[in-house]
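# Secondary and tertiary structure notes
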Amino acid sequence: MTTQQLFEQIQLKKSFLCVGLDVDLTKIPQHILALEDPIFEFNKAIIDATHDLAVSYKPNTAFYEAYGIKGWISLQKTINYINENYPDLFTIADAKRGDIGNTSSMYAKAFFEDLNFDSVTVAPYMGKDSVEPFLAFENKHTILLALTSNTGAFDFQTLKSKSEKLPEAELYQQVLEISKNWTNSKNLMYVVGATKATYFSEIRKIVPDSFLLVPGVGAQGGNLAEVCAHGMNDQVGLLINSSRAIIYASNELDFADKARAEALKMQKEMQVILEAKFSN
Ligand SMILES: O=C(O)c1cc(=O)[nH]c(=O)n1[C@@H]1O[C@H](COP(=O)(O)O)[C@@H](O)[C@H]1O
């Protein structure tokens, strides 16, 4: 999927919501546990109940890898279900990969070719040659960690570092600036945590046009309106992720309806923001 197509979906649905599929068997309803593939059945119910309110889904692979081969099969069934039934949705494999070049190529094949995700999250720590193998895939997107939502973000990401272009920049700013020069950088998006809303204006000075994946609203306390005020661009440029606050809204028989109600609340809030921004 191209970013233009993603923008068109956002306009159509009046939503830039990404639902995080972080399935924990200890949190899902009891009656689902009795089914043969509870993770997939849970995802299917959540996706069916929310697909018209969201433009994107993001399974975090940790929640599948934790269950071994069974978990990986559930992940594969989930992405196939989305691609077959709702091909207009933008899919994100949240795997936070990145390694020496030939290893990164294999990660990229796994998520882009075998599983057929539209995008994958990647850590920038190993630099250009660890990220470019992901960028080589046409119409696939590499979502680079820039400024993350957790408190540990301040351990390294905001340390002052020097480069020719940005003599006094923090490390996350260098990541944004330097990665713009990598081959096929048009395929880059960036992760910026919703809990860091005040940083978005600075970030937009460096990457005005890029899409940003923004986790951290809902369970982590980030504020949607604040993120949008500082981070939205002319193509919206934001995918706001919420996982636990939506998918665990209830663990009773009504879990899918309750998930829909939470997603609808976010979509309505987004619609108001979009109408205010694009009214003229
Ligand atoms: O890459 C991510 O998606 C991510 C980056 C980040 O800085 N913070 C962050 O929470 N995430 C992921 O986003 C999701 C947030 O989940 P909730 O806090 O339940 O909405 C989890 O899958 C996290 O692993």
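Note that the coordinates shown come from a computational prediction; the quantities given were computed from them, not determined experimentally.

So, about helix 13 (residues 255-277). Every α-helical turn comprises 3.6 residues, leaving residues that sit three or four positions apart pointing alike. Between its terminal C-alpha atoms helix 13 stretches 33 Å, which fits the 33 Å expected from 23 residues at 1.5 Å a residue. Along helix 13, the positions that sit buried rather than exposed are Phe255, Ala256, Ala259, Ala263, Met266, Gln267, Met270, Gln271, Ile273 and Leu274.

If you walk around this closed barrel you meet the eight strands as 1-2-3-4-5-8-9-10, and the pairing is parallel. Ignoring which end each strand starts from, the neighbouring axes of this sheet average 30° apart. As paired elements, strand 1 (residues 17-20) and strand 10 (residues 238-242) share three bridges and run parallel to each other. Across the sheet, Val19 pairs through a bridge with Ser242, a residue of strand 10. Seen against the sheet, helix 11 (residues 224-231) touches strand 9 (212-215) and strand 10 and runs at an angle of roughly 160° to strand 10.

Our next topic: the UniProt feature "domain: Orotidine 5'-phosphate decarboxylase" (unreviewed entry) in the protein. UniProt tags residues 16-259 as "domain: Orotidine 5'-phosphate decarboxylase" (unreviewed entry). Taken as a whole, residues 16-259 contains 40% helix and 18% strand, while its terminal C-alpha atoms sit 16 Å from one another.

The subject of this paragraph is the environment of Ser15. Considering the arrangement of structural elements, one finds Ser15 in the loop between helix 1 (3-13) and strand 1. According to the relative accessible area criterion, Ser15 is buried, its value standing at 0%. Note: C-alpha distance between Ser15 and Val272 (257 residues apart in sequence) is 9.8 Å. Once residues within four sequence positions are removed from consideration, Ser15 is found in contact with Ile10, Leu53, Ala54, Val55, Gln267, Met270 and Leu274.

What follows is about the environment of Glu177. Tracing the backbone through its elements, the reader meets Glu177 in helix 9 (residues 171-179). Residue classification places Glu177 among the buried residues on the basis of a relative accessible area of 9%. Residues Glu177 and Ser163 lie 14 residues apart in sequence; the distance between their C-alpha atoms is 9.9 Å.

The subject of this paragraph is the confidence of the model for the protein. Model confidence for the protein is summarised by a mean pLDDT of 96, while 100% of its residues fall at 70 or above. With a pTM of 0.97, the predicted complex shows an ipTM of 0.98.

Residues in close proximity to the ligand total 16 residues, the closest being Asp22, Ser149, Gln220, Ser243 and Arg244. At 2.8 Å, a side-chain N or O of Gln220 approaches an oxygen atom of the ligand. One of the side-chain N or O atoms of Arg244 is found 2.6 Å from an oxygen atom in the ligand. Burial of the ligand by the surrounding chains reaches 90%, relative to a free accessible area of 500 Å².

In this section: the packing of helix 3 (residues 38-50) against helix 5 (residues 68-85). It is the contact of helix 3 with helix 5, at a shortest axis distance of 9 Å, that shows an interaxial angle of 25°. Classed by the angle they form, the pair helix 3 and helix 5 counts as roughly parallel. Of the two elements, helix 3 crosses helix 5, and the hand of that crossing is right-handed. Here Ile39, Phe40, Asn43, Lys44, Ile47 and Asp48 of helix 3 come into contact with helix 5, specifically with Ser74, Lys77, Thr78, Tyr81 and Ile82. Among the residues forming the contact of helix 3 with helix 5, the class breakdown is five nonpolar, three polar and three charged.

Turning to the packing of helix 3 against helix 13, a few remarks are in order. Running from amino to carboxyl end, helix 3 crosses helix 13 at an angle of 45°, the nearest separation of the two axes being 9 Å. Overall, the two elements helix 3 and helix 13 adopt an arrangement that is oblique. Judged by the sense of rotation from one axis to the other, the crossing of helix 3 with helix 13 is right-handed. Counted together, Phe42, Ala45, Ile46, Ala49 and Thr50 of helix 3 and Phe255, Ala256, Ala259, Arg260 and Ala263 of helix 13 form the full contact between these two elements. When the residues that make up the contact of helix 3 with helix 13 are grouped by side-chain class, the tally is eight nonpolar, one polar and one charged.

Thresholds applied
- Residues numbered from 1 in each chain as written.
- Predicted model: local features only at pLDDT ≥ 70, side-chain atom pairs only at ≥ 80, totals over all residues.
- Heavy atoms only, no water.
- Helix = DSSP H or I, 4+ residues; strand = E, 2+ residues; numbered from the N terminus.
- Expected span 1.5 Å × (residues − 1).
- Buried < 20%, exposed > 50% of the residue type's maximum accessible area, 1.4 Å probe, protein only.
- Pairing = 2+ DSSP bridges.
- Axes fitted to C-alpha atoms, helices over the stretch in contact; angles between N-to-C directions.
- Contact = heavy atoms within 4.5 Å.
- UniProt positions renumbered as here; feature names shortened; annotations may be inferred.
- pLDDT = per-residue confidence, 0-100.
- Near = heavy atom within 4 Å.
- Polar contact = N/O pair within 3.5 Å; in protein donor to acceptor, adjacent residues only side chain to side chain.
- Areas by Shrake-Rupley, 256 points an atom, 1.4 Å probe, with all protein chains shown as cover.
- Parallel < 35°, antiparallel > 145°, perpendicular 65-115°, else oblique.
- Left-handed = near helix turned anticlockwise from the far one by under 90°.
- Nonpolar A, V, L, I, M, F, W, Y, C, P; charged D, E, K, R; others polar.

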